Amino acid sequence: MVRRAARKAKRIIKRILRIGNYQNIDVFRQWIEEVEPTVWNQGVLSYAPLISVVVPVYNVSSQMLRDCIDSVREQTYENWEIILVDDHSSWENVRQVLSEYSDMPKIRVIYREENGNISEATNTGLAQVQGEFIAFMDCDDVLAPQALYEVAYLLNENQELDFVYSDEDKITEECQANREGTFAIPVKDRHTPFFKPDWSPDAFMCLNYTNHLSVYRTEIVKEVGGLRTKYNGSQDYDFALRFMEHTTNRRVGHVDKILYHWRERKESVAYDPNSKPYALEVAKKLKEEMIERRGLHADVEYVEGEYQYRLVYHNDTGEKVSIIIPSKDNFDILKHCLDTIIEFTDYPNYEVIVVDNGSAQDVQDKINAYIDGKNIHYIYEKQSFNFSHMCNLGAEHASGKYFLFLNDDIGILHQGWLDRLAGHAAQEHVGAVGAKLLYPDSTDIQHDGVLNLTCGPSHAFSHMDDAQSYYFARNRVEYDWLAVTGACLMVDRAKFYEVGGFDEEFPVAYNDIDLCFKLAEAGYYNVCRNDVTLYHYESVSRGLDNQDDEKMLRLAMERSKLYKNHPAFEGYDPFYNRNLGGYNISFSIQMQGAGDHEPLQTESSMEDFVIDFDTESINFMARINSVEYLNSLVRVVGWFYTGSLKVDGKRDLYLVLRGESGKCYRVDVERFVSEESRRTYDSRYGNVGFEILIDKNKLDPKDQKYQIGVMISGDKRQDWFVQWTERWILR
């Protein structure tokens, strides 16, 4: 029964993970109602720069234009001006509406005598600004009432910022602002939120993800020279790329709140990217010009289905790449890896270094026979397994400018893979470069970047089908990540030694995460190339860490050490928006954020318990998201589902722990809304998440491990049912 339930749970989990870009509209609406009101900052600002809002206006409905202008007038921040530039509209209503506002304080209206299109109209406004910062806005869009205050709040935290952008969502074409009381957009008209990462220069090279709201330092805007007409359709992207050539990555700030509502008109890109087919060609041309202007060794390449062009960097100078492969007693797997490297590597200058920590003599003989006459070096040093030491040892013997650390259970799939990794690793701002890894003979993702979640580092989109595009093309174009897996990780030799290489205090797990954290702390950006796709047989040589109790305990200890070494990153990932779920890998909305579900700080109540009832008469799903060891304390987080979230939210719920001897404990839980189950089953209910925090030293010491079960009441309350999971607590 337990195994059948586990198989069913895995099927349901897979269904959860494959949802992808879909954001349940009910979940977002509830987020607006319950979470968004709690995120806004308040208080008097010591620094209140004048922000000039520049709005080019052309043939827009009266209602949309009024909503746009009034959304600025209703700002909670007072030090603003708005410059409205009519680009010789042919609709009579436009001039009429503008005349209503022309004499109001802080509003200036300019009428152009000829139509010059959006860039010329914007530049006309830029010439008249008086503010220290400039915000760009379209004439049919709407600002959140707190938008400019939140920008100024961030500028108070860091007055060195030159460029600030925010999260955004979309509103329907028919949307009309509510003017009864506080100016607001009706919840029913908001959809498709984009909760963005902090500044991600590699993602920005692929797509204009910053988009709305964008606020720029006026002094630099003047240096850049405004917008260029020849790039109309992508004029704002062209401007932002040129702006960044006058500042640095460290002077870009991100407000992780929805400050801008982008109207979804049928003739706009917000509704359909095909509405302006010329914009795609313009984007290609502006990137080609940027490459030439910056002196980059790169090409642009169309990303099928995403209406975007990526940059493919080339290592034209051909510096050597040292491919370092740790391996032991795994000749067949190693041979397959080496065979595919030789078959698919057209990069002219590379070497392979195999580091062996103790293979049997017959395996050593096979390896020596295989490498004879090939550009492969074999280092044998008998020792206990320490991945970090093996990688460092390989690096000591390497002669390349770039190190590629590669698991022996990786299979190369296509030509050009090494050139693309090396080209990107050669960029000055880049730290580690990873690849997309798939489970063998499938399109299921094993790795596409690492998220630093509340429950610890986790592979984004794991087990999700790469045939689909997820969360604003995260698995299609190159995004920056806090970490990438060491199963395929390239880094510049100098940067590797700058941060001290692999920490040998992490012999098995989190050594790659620690290296990436150190690179990030040194100011570099780690990136995953989605156009380099490899097969990963995932620990086929050593085994998985979550299938052995001793390995699970070691994993927990190494995770604790990871955050001890990097306390700033505990519970924080600059490339994963805080409004997204802290316990899932699919970029879904965080319903227990902003105070709804804070981790427990006090121990859960626990008592001895005897199970004297039928535990298998009801079939329900129970999932344990994480088991986290915090010295003597253990935190367990998960959720359950029987078929009706509305009913489940009212059931009595406990966790039960069953020792090897059969001794059981019943533990009170802290309940919360599980956005994962809610998103899966399309319901406004879902109070089925649970968390416990217990002292493992209070468990009977005669049992060294305790299986975790979920106990719920039946429909009649007097009945009880238990679902045993495959997760354990180790004493």
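Source: prediction; values computed, not measured.

**Topic: the overall build of the protein**
Here comes step 1: On a plain count of helices and strands, the protein comes out with 19 helices and 32 strands.
Here comes step 2: Classification of the 731 residues of the protein by burial places 61% in the buried group.
Here comes step 3: Pairs at least 24 residues apart make up 77% of the contacts formed inside the protein by residues separated by at least 6 positions.
Here comes step 4: Taken as a whole, the protein presents about 28700 Å² of accessible surface, with 46% of it coming from carbon and sulfur.

**Brief notes about the pairing of strand β26 (residues 633-641)**
Here comes step 1: Within β26, 8 of the 9 residues are buried, leaving the element largely enclosed by the surrounding structure.
Here comes step 2: In the sheet, strand β25 (residues 621-630) pairs with β26 via 9 bridges, with the strands oriented antiparallel. Note on β26: the bridge partner recorded for Y629 is V634.
Here comes step 3: The pairing of β26 with strand β30 (residues 689-695) spans 7 bridges and is classified as antiparallel. Of the residues in β30, the one forming a bridge with V637 is E691.

**Quick look at the environment of R651**
Here comes step 1: For R651, the location among the structural elements is in the loop between α18 (645-648) and β27 (653-659).
Here comes step 2: Exposure remark for R651: the relative accessible area of 8% places this residue in the buried category.
Here comes step 3: In this structure the C-alpha to C-alpha distance between R651 and S713, which are 62 residues apart in sequence, comes to 5.6 Å.

**Focus: the packing of aromatic side chains**
Here comes step 1: Under the counting rule described, the total for this entry stands at 41 aromatic pairs.
Here comes step 2: Both rings, one in F163 and one in F243, keep their centres 6.1 Å apart while their planes meet at 70°; by these two values the pair is edge-to-face. Of this pair, F163 sits in strand β6 (residues 163-172) while F243 sits in helix α9 (residues 235-243); the two residues are 80 residues apart in sequence, bridging distant segments of the chain.
Here comes step 3: Look at Y471 and F587: their rings are 5.4 Å apart centre to centre, the planes differ by 25°, and that puts the pair in the stacked class. In this pair, Y471 is assigned in the loop between β20 (456-459) and β21 (479-481) and F587 in the loop between α17 (549-565) and β24 (606-609), connecting sequence segments 116 residues apart. For the pair Y471 and F587, one class covers both residues: buried.
Here comes step 4: Joined through ring pairs, the aromatic side chains of F136, F163, Y165, W199, F204, Y209, Y216, Y237, F239 and F243 make up one cluster.
Here comes step 5: The ring of Y111 is capped by R95, whose NZ or CZ atom sits 4.1 Å from the centre of that ring.
Here comes step 6: One cation-aromatic arrangement involves R474 over Y479; the distance from NZ or CZ to the ring centre is 4.4 Å.

**Here we look at the side chain of T122**
Here comes step 1: Summarising the element assignment, T122 is placed in helix α5 (residues 117-126).
Here comes step 2: On the basis of relative accessibility, which here comes to 3%, the residue T122 falls in the buried class.
Here comes step 3: Polar contacts involving the side chain of T122 include one to the main-chain carbonyl oxygen of I118, which spans 2.8 Å.
Here comes step 4: Leaving out residues up to four positions away in the same chain, T122 has contacts with V54, P56, F136 and L227.

**Here's the deal with the packing of helix α3 (residues 62-73) against helix α4 (residues 92-101)**
Here comes step 1: Look at α3 against α4: their axes get within 10 Å of each other, and the N-to-C directions meet at 25°. By the angle class used here, α3 and α4 are roughly parallel. The two elements α3 and α4 meet at a crossing, and its hand is right-handed. Along the contact surface, α3 presents S62, L65, R66, I69, D70 and R73, while α4 presents N93, V94, V97, L98, E100 and Y101.
Here comes step 2: Classifying every residue of the contact of α3 with α4 gives 6 nonpolar, 2 polar and 4 charged.

**Re unusual backbone geometry**
Here comes step 1: Backbone torsion omega between H212 and L213 reads -15°, so that peptide bond is classified as cis.
Here comes step 2: Note on placement: L213 falls in the loop between α7 (201-206) and β8 (214-217).
Here comes step 3: The backbone phi angle of N59 is positive, close to 40°, even though this residue is not glycine.
Here comes step 4: With respect to the secondary-structure elements, N59 resides in the loop between β1 (51-57) and α3.
Here comes step 5: Residue classification places N59 among the buried positions, given a relative accessible area of 11%.
Here comes step 6: Not every positive phi belongs to a glycine, and F461 is a case in point at roughly 60°.
Here comes step 7: Mapping F461 onto the fold places it in the loop between β20 and β21.
Here comes step 8: Note on F461: relative accessible area 0%, which makes it buried.

**Brief notes about the sheet that holds strand β28 (residues 664-668)**
Here comes step 1: Pairing within the open sheet is antiparallel, and its 5 strands lie in the order β24-β28-β27-β31-β32. Of all the strands in the sheet, just β24 and β32 (720-730) have a single pairing partner and so form its edges. Sheet twist, expressed as the mean angle between neighbouring strand axes with direction ignored, is 30°.
Here comes step 2: Alignment of β27 against β28, held across 5 bridges, turns out to be antiparallel. Looking at the pairing, V656 lines up with R666 of β28.

**Some points on the pairing of β30**
Here comes step 1: With respect to burial, β30 is a largely interior element, 7 of its 7 residues being buried.
Here comes step 2: Of the two faces of β30, the one carrying G689, E691, L693 and D695 and the one carrying F690, I692 and I694 are both buried.
Here comes step 3: Across 3 bridges, the pairing between strand β29 (residues 670-672) and β30 is antiparallel. Within β30, the position partnered with F672 by the bridge is G689.

**Some words on the nonpolar core**
Soluble, globular proteins show a tendency: their nonpolar side chains are buried together.
Here comes step 1: Counting residues in each nonpolar core, the largest one holds 151 residues, and the members touching the most others are V55, L65, L84, W199, F405 and F587.
Here comes step 2: With 7 residues, the top contributor of residues to this core is helix α6 (residues 147-157).
Here comes step 3: Once residues within four sequence positions are removed from consideration, L84 is found in contact with V55, V57, I69, L98, I107, R108, V109 and I110.
Here comes step 4: In terms of nonpolar packing, the next biggest core, distinct from the first, is built from 39 residues, F344, A422, C488 and V532 among them.

**Considering the confidence of the model for the protein**
Here comes step 1: Here the protein averages 87 in pLDDT, while 86% of its residues score no lower than 70.
Here comes step 2: Scored below 50 in pLDDT, residues 1-22 makes 41 contacts in the model with residues more than four places away or belonging to other chains.
Here comes step 3: Every residue in residues 592-597 is under pLDDT 50, and counting partners more than four places away or in other chains gives 14 contacts.

**Remarks on the environment of Q415**
Here comes step 1: Looking at the element boundaries, Q415 is found in the loop between β16 (410-412) and α14 (417-425).
Here comes step 2: Judged by its relative accessible area of 41%, Q415 is partly exposed.
Here comes step 3: With 68 residues separating them in the primary sequence, Q415 and Y347 have C-alpha atoms 8.7 Å apart.
Here comes step 4: What Q415 contacts, discounting residues up to four positions off in sequence, is E343, F344, T345 and D346.
Here comes step 5: Looking at Q415, its side chain comes within polar contact range of the main-chain oxygen of E343, at 3.3 Å.

**With respect to the environment of S119**
Here comes step 1: Among the secondary structure elements, S119 is positioned in helix α5.
Here comes step 2: It is 8.6 Å that separates the C-alpha atoms of S119 and D236, two residues lying 117 residues apart in sequence.
Here comes step 3: Those residues in contact with S119 that lie beyond four places of it in its chain are L227, R228, T229, N232 and Q235.

Rules and cut-offs
Residues numbered from 1 in each chain as written. Predicted model: local features only at pLDDT ≥ 70, side-chain atom pairs only at ≥ 80, totals over all residues. Heavy atoms only, no water. Helix = DSSP H or I, 4+ residues; strand = E, 2+ residues; numbered from the N terminus. Buried < 20%, exposed > 50% of the residue type's maximum accessible area, 1.4 Å probe, protein only. Contact = heavy atoms within 4.5 Å. Areas by Shrake-Rupley, 256 points an atom, 1.4 Å probe, with all protein chains shown as cover. Pairing = 2+ DSSP bridges. Phe/Tyr/Trp six-rings, centres within 6.5 Å; stacked < 30°, edge-to-face > 60°. Lys NZ or Arg CZ within 6 Å of the ring centre and 35° of its normal. Polar contact = N/O pair within 3.5 Å; in protein donor to acceptor, adjacent residues only side chain to side chain. Axes fitted to C-alpha atoms, helices over the stretch in contact; angles between N-to-C directions. Parallel < 35°, antiparallel > 145°, perpendicular 65-115°, else oblique. Left-handed = near helix turned anticlockwise from the far one by under 90°. Nonpolar A, V, L, I, M, F, W, Y, C, P; charged D, E, K, R; others polar. Core = buried A, V, L, I, M, F, W, Y, C linked by side-chain atoms within 4.5 Å. pLDDT = per-residue confidence, 0-100.

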